[in-house]
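Structural description and commentary
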Amino acid sequence: MEDIMTITPLGSGQEVGRSCHLLTFRSTTILLDCGIHPGYDGMAGLPFFDRVDPEQVDVLLITHFHLDHAASLPYFTERTGFKGRIFMTHPTKAVIRLLLGDYLKLMMMKKGSGGADKDDNQDVLYTEADLQSCVDKIELIDYHQTIDLNLPSGLKFHALNAGHVLGAAMFFIEVGGRSVLYTGDYSMEEDRHLMAAELPKYHASPDLLIVESTYGVQVHASRAEREARFTGTIERIVTGGGRCLIPVFALGRAQELLLILDEYWQEHPHLQSIPIYYASKMASRALRVYQTYANMMNARIRAQMDLGNPFHFSHIRNLKSIDVNNFDDRGPSVVFASPGMLQSGVSRQLFDRWAGDPKNGVMLAGYAVEHTLAKEIMSQPKEVVTLEGRRQPLNCLVDYVSFSAHVDFVQNRDFITSVNPRNIILVHGAKEEMGRLKGALMLHYNKLPENKRPTIAMPPNEVDVKLIFTRRRSAKVMGKLAEAPVEDEDAMVDESRGKVVEPREGDPVRGILVTQQNSSKIVAPEDLSTYTPLRVGSVSSRLHVPFVGKIETLRLFLNEMFRGVDESTADFTGDGDDGVVTFIMHGGQVQVIAGKTKGVATVEWDCSPVGDVIADSVVALIMHAQSSAASIRLTGRPCSHRRKKLREGDDQPSMEEHLRALHQALSDQFLSVEATYEARKGTFEVKLDAKGGVNDEGGEESNNEVVCTATVEFEDDLDATAKITVECEDEKLAGNVRECLQNVAAASAPISIVDNNIHFI
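In this numbering scheme, every chain counts its residues from 1 along its sequence in written order. For this predicted model, a pLDDT threshold of at least 70 governs which residues receive local features, and a threshold of 80 or more governs which side-chain atom pairs are given and counted, while totals over whole chains, interfaces and linings are taken from all residues. Side-chain calculation: all heavy atoms of the structure are included, whereas hydrogens and water are not.

1. Looking at the pattern of salt bridges
Here, a salt bridge means any side-chain nitrogen of Lys or Arg that lies within 4 Å of a carboxyl oxygen of Asp or Glu. This model, assessed by the stated rule, comprises 30 salt bridges. Among the ionic pairs, Arg 243 bridges to Asp 329, the shortest N-O distance being 3.3 Å. Taken together, the residues span a long stretch of sequence, with Arg 243 in strand S12 (residues 243–247) and Asp 329 in the loop between strand S14 (316–319) and strand S15 (333–337) at a distance of 86 residues. When sorted by exposure, Arg 243 lands in the same class as Asp 329, which is buried. One continuous salt-bridge network, built from bridges that share partners, spans Glu 189, Arg 192, Arg 223, Arg 226, Glu 227, Glu 256, Glu 263 and Arg 300. The secondary structure listing takes helices from DSSP runs of H or I that are at least 4 residues long and strands from runs of E that are at least 2 residues long, numbered from the N terminus. Using a 1.4 Å probe on the protein chains alone, a residue whose accessible area is under 20% of its type maximum counts as buried, one over 50% counts as exposed, and one in between counts as partly exposed.

Here's what the structure looks like:
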C-alpha cells in the first residue's frame, strides 16, 4: 500500500518572504509558518491562502517572530474558517505580540496617508481585537518537548533550537509513520547572544527535509572580518561628520548589532561623544523580553546575567518616539531605526532626509528582500523615490555587511549532509540563488550511488511536490524483550549490570503487539504499563448451568473429553447429596463446581481465546451428560424386586439354549469360535491368527495362532447364575472375550455372573 505526501509552497517558493508551506499526508494537514511579503502591501503580501481549506488545517507551526514568517497569522486565524491549533515557543509568542502590534499601527498609518484610498480597508489585514484573539489561541512549546495531537495519523512534533533569533525553532514532525524536518530560518554560527542551531539527535534520517536557501551558494566572510568592516565603516562616516542610518527590525539582529557597537564604543573613547540612538517604540519592551529569556541564549550572556543586564547599554540611548522633522541631527550620530527594508516608518523617513548628503551613510546589515527599497539601493542608483513620491538624488554611502543569521552555502551543505534526508525541498530563496544551490547539491551527491541520492526539488509558489511512500510494517521491540536471553552465552554482557543486554539476530521474541497511531511496539506483559498507556487486566466469567445428573457421570464425560482433569473435594457439603466437587482444567483457568447448589453446576473461567472455547465445550458436556442414552444407563437404578426362581415344570429355556446364545455372540465378534456343551457347562475356543514379526535375534517369526478358551458353567438347572473363566496367552484378547460374555450376560437377564476370572497361560 502506498501513501502520497503533498507539499505546496503558499509563499517563499522561489522567493524570500511570506513563508508558508502546506503539508498533507494520511488525512492530516499541517501549515508551516504564516508570513507576509515585505515588498507588497495589504492583501497582495499574503500567502496564497486560496489553495488551502482553512477548516481542514489541523495544526499551524510558527518557527520565529519575523514578519515574513508570522505577520499573516491573525488574518488566517480570525478572517478564515481555521479551527486548528497554533504552536510556537515562549519567546516567539512574547515578541510576536509586540511586533504585530507595531505592524498593525504601520498599516493604519499607511491607510491614513493613502489619499483617495483612505476608505479602502484592504491594506489593513486585521484589527487590534483580531490580533489579541489570535494571540490568545497560541499554545506554547519548549525545545525538545514532544506534542502528540492524538490524531489517527499519529501526528507528533517537537521543536529544536534554530539559532536564527531568540526563540527560533526547527520542527521535527512525525506523521503517518514518516518524518519531516522543517528548518525555517536557521543559523549554524554562534554570535554574541545566541547559540548555533542544533542537529536533530536520536532520530533516524528524516524522509523529507524542507530547508531554507536564502544565500544559495554564497559563502560568508569570517565573523571577525564582518564586524571589523561594520564598525570601521560606521566610524569612518561619523568621524567625517556624517550621520549613519542602520535600518533594522526592532527585534532580532538589532540586539546583536547593538551589542557589537556598544562594545566598540567602549573600546574607543574618542567615539563616545558621538551619540548612538535606538529609535523604536518597542525598544524598552523588547529588551525586557530579551532579559526575561536570557536562559535560552548562549553561555556568554548567561554568565553576564549573573553580574548585570548585558542589554543595559552604556553608549546607546533608547528613543521611544522620534519626530523626524524636529530631530536634532546637526552633528554626527548613529541611528538604529525600523523597519529593516526601508519600506516605511522612521527608517524610511530618516533615509529620505539624509540620502542627498554625501557625508551620510546607510549600513545594511541584514538580507534585503526583492521589491523593497533596501534591495533597490544596494545597486547604487543615482536617484530614489521618497515616501511622498518625489525623486531625489542618492548621494550618501550605501554599504552592506551581512549579519543576517542565515546559513551560507558551506553551512547549509554540511547541515544537509549531517541530517542525511531522503528527499529535499528548497524554499525561502530567490530563484537564481536557489537554482545554484540545487545544482551544487546535486553535484555533491553525484559521488554517491544513485539509489542513495536524495531527490531535490525547488517548487515555485502553488506548485505541488508529491512524494510516494510505501506504508511501513514494522514494530519496535522494547523493554525486557529487547534483551537477549540470559542463557545465550554468545550475546554481549554488560559487566556493570551483570546481565545480558544485547540480543542477536534470530532470537525469538514473544510479547504483546501494541499499535497506536501508525506506531507499533512489542513489549512483555509486565512492561505494558511502562511503554504504553495500557494496563494488564483479566476478566473472569461465571455461568450457572442446570444439572440434575450424577457427579460420577460428569466426571466420566470430562475425563473422556479433556486430558489432565484435576479434582478436589471440599470439606463441607452444599445443597447436593454428594458433596462439593471441583473439576480443574487448563492449568486452573477453567473450573466446574458441582454439588454446591442442588440442580446446578457452576462453570468459572478466565476469559481468553482458549479459556472461552474450553468453557463452551464444558457447558455442552454438562448438558449432554444429563440427556444422553449412555448417561441414563450409567445413572439408571435396577428394579428393587427380586425375580422368583423357576420351579420344576415351568416353561424355561434350557441351559444349552443359554450356552448357544453365548456362542452366537462370540461368533459374531470373532471369526473362529468352536463350542463344546456338557450339561450345564459350555467351553468356547476362540482362535486368532497372529501376524509375523521380528524376533529378538533379528530374524523373522512365523505366523502363530492365538487360542483363548472361555468356560461358562451354571450352578444348577433352575438357577441362572453362571461362572465364567477365561484362559489365554494374550491379555488383550482375553479382556475382549471376557467383556463380550459380560455384555451378553447383562443383555440376557436373568443370567447373573457370580465370578469372573481370567487366567493367563
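Moving on, there is more to tell.
2. Some remarks on the nonpolar core
Within the largest apolar cluster, 101 residues are counted, with the highest numbers of intra-cluster contacts made by Phe 230, Ile 246, Trp 265, Val 334 and Phe 336. Any two residues whose heavy atoms approach within 4.5 Å are treated as being in contact. Those residues within four positions of Trp 265 in sequence are excluded, and the remaining contacts are Ile 234, Val 238, Leu 271, Gln 272, Ile 274, Ile 276, His 315 and Val 334. Throughout this description, the term nonpolar core refers to a set of buried Ala, Val, Leu, Ile, Met, Phe, Trp, Tyr and Cys residues connected via side-chain atoms within 4.5 Å. Among the nonpolar cores identified, the runner-up in size contains 31 residues, and Val 59, Val 180, Leu 208 and Ile 210 belong to it.

3. Remarks on the packing of aromatic side chains
Centres within 6.5 Å are what make two rings of Phe, Tyr or Trp a pair, Trp counting through its six-membered ring; a difference in plane orientation under 30 degrees is then read as stacked, over 60 as edge-to-face, and the rest as tilted. Within this structure, the stated rule accounts for 10 aromatic pairs. Where Phe 49 meets Phe 76, the ring centres are 4.9 Å apart and the plane angle is 40°; that geometry is what we call tilted. One end of the pair, Phe 49, is in the loop between strand S3 (28–32) and strand S4 (59–61); the other, Phe 76, is in helix H2 (residues 73–78), with 27 residues separating them in the sequence. For the pair formed by Phe 49 and Phe 76, the shared burial category is buried. Between Phe 157 and Phe 171, the aromatic rings sit 6.2 Å apart at their centres with planes inclined by 80°, giving edge-to-face as the arrangement. With Phe 157 in strand S8 (residues 156–161) and Phe 171 in strand S9 (residues 169–175), this pair connects stretches of sequence that are 14 residues apart. Put simply, the rings of Phe 49, Tyr 75, Phe 76 and Phe 82 touch in pairs and so form one group of aromatic residues.

4. Let's talk about empty space enclosed by the protein
Throughout, the protein atoms alone are placed on a 1 Å grid, and a set of points is a cavity if a 1.4 Å probe fits but cannot get out or a pocket if it is open with protein on both sides within 12 Å along at least five of seven lines; lining residues have an atom within 4 Å of a point. Grid points are joined across faces, edges and corners, and a volume is the space filled by probe spheres set on the points. Applying the stated criterion to the full structure yields six cavities of 30 Å³ or more. In this model, the largest cavity occupies a volume close to 670 Å³. Forming the boundary of the largest cavity are 42 residues, of which Pro 38, Leu 67, Phe 249, Gly 340 and Met 341 lie nearest the centre. Ranked by the residues each element gives to the lining of the largest cavity, the list is headed by helix H3 (residues 90–112), at five residues. Each residue receives one of three labels: charged for Asp, Glu, Lys and Arg, nonpolar for Ala, Val, Leu, Ile, Met, Phe, Trp, Tyr, Cys and Pro, and polar for the others, Gly being one of them. The residue inventory of the lining of the largest cavity, partitioned by class, reads 24 nonpolar, 12 polar and six charged.

5. Some remarks on the sheet that holds strand S26 (residues 512–516)
Two strands qualify as a pair provided that DSSP identifies no fewer than 2 bridges between them. The strand order S23-S27-S26 describes an open sheet built from three strands, whose pairing is mixed. Strands at the two margins of the open sheet, each flanked by one partner only, are strand S23 (476–477) and S26.

6. Digging into the pairing of S3
Along any regular strand the residues' side chains alternate between the sheet's two faces. The buried count for S3 comes to five of five residues, which makes it a mostly enclosed element. Judged by which residues are buried, S3 turns out to be covered on both faces: Thr 28, Ile 30 and Leu 32 on one side and Thr 29 and Leu 31 on the other are all buried. Both strand S2 (residues 20–25) and S3 contribute to a ladder of five bridges, which runs antiparallel. Residue Phe 25 lies in a different strand from S3, and its bridge partner there is Thr 28. Taking the residues between adjacent antiparallel strands as the criterion, S2 and S3 are bridged by two residues, where Arg 26 takes a positive phi near 50°. Alignment of S3 against S4, held across three bridges, turns out to be parallel. When the bridges of S4 are listed, Leu 32 appears paired with Leu 61.

7. A look at the layout of surface pockets
Taken as a whole, the largest pocket holds about 1,100 Å³ of empty space. Forming the boundary of the largest pocket are 43 residues, of which Glu 174, Gly 177, Lys 476, Asn 518 and Ser 519 lie nearest the centre. Put simply, the parts of the chain that give the lining of the largest pocket at least two residues each are strand S7 (146–148), S8, S9, strand S10 (178–182), strand S22 (465–470), S26 and strand S27 (519–523). In the lining of the largest pocket, the residues fall into 12 nonpolar, 18 polar and 13 charged.

8. Regarding the packing of helix H14 (residues 551–561) against helix H15 (residues 609–625)
Only C-alpha atoms enter the line fits that serve as axes; for helices the fit covers just the stretch in contact. Angles between N-to-C directions range over 0 to 180 degrees. Contact pair H14 / H15: the axes reach a minimum separation of 10 Å and the direction vectors enclose 135°. The angle between the axes of H14 and H15 places the two elements in the oblique class. You can see that H14 and H15 cross each other, and the crossing is right-handed. For the pair formed by H14 and H15, the contact residues are Thr 553, Leu 554, Phe 557, Leu 558 and Met 561 on the first element and Val 618, Leu 621, Ile 622, His 624 and Ala 625 on the second. Oblique is the label for every angle not falling under 35 degrees (roughly parallel), over 145 degrees (roughly antiparallel), or within 65 to 115 degrees (roughly perpendicular). Should the near helix be turned anticlockwise from the far one by less than a right angle, the crossing is termed left-handed; should it be turned clockwise, right-handed.

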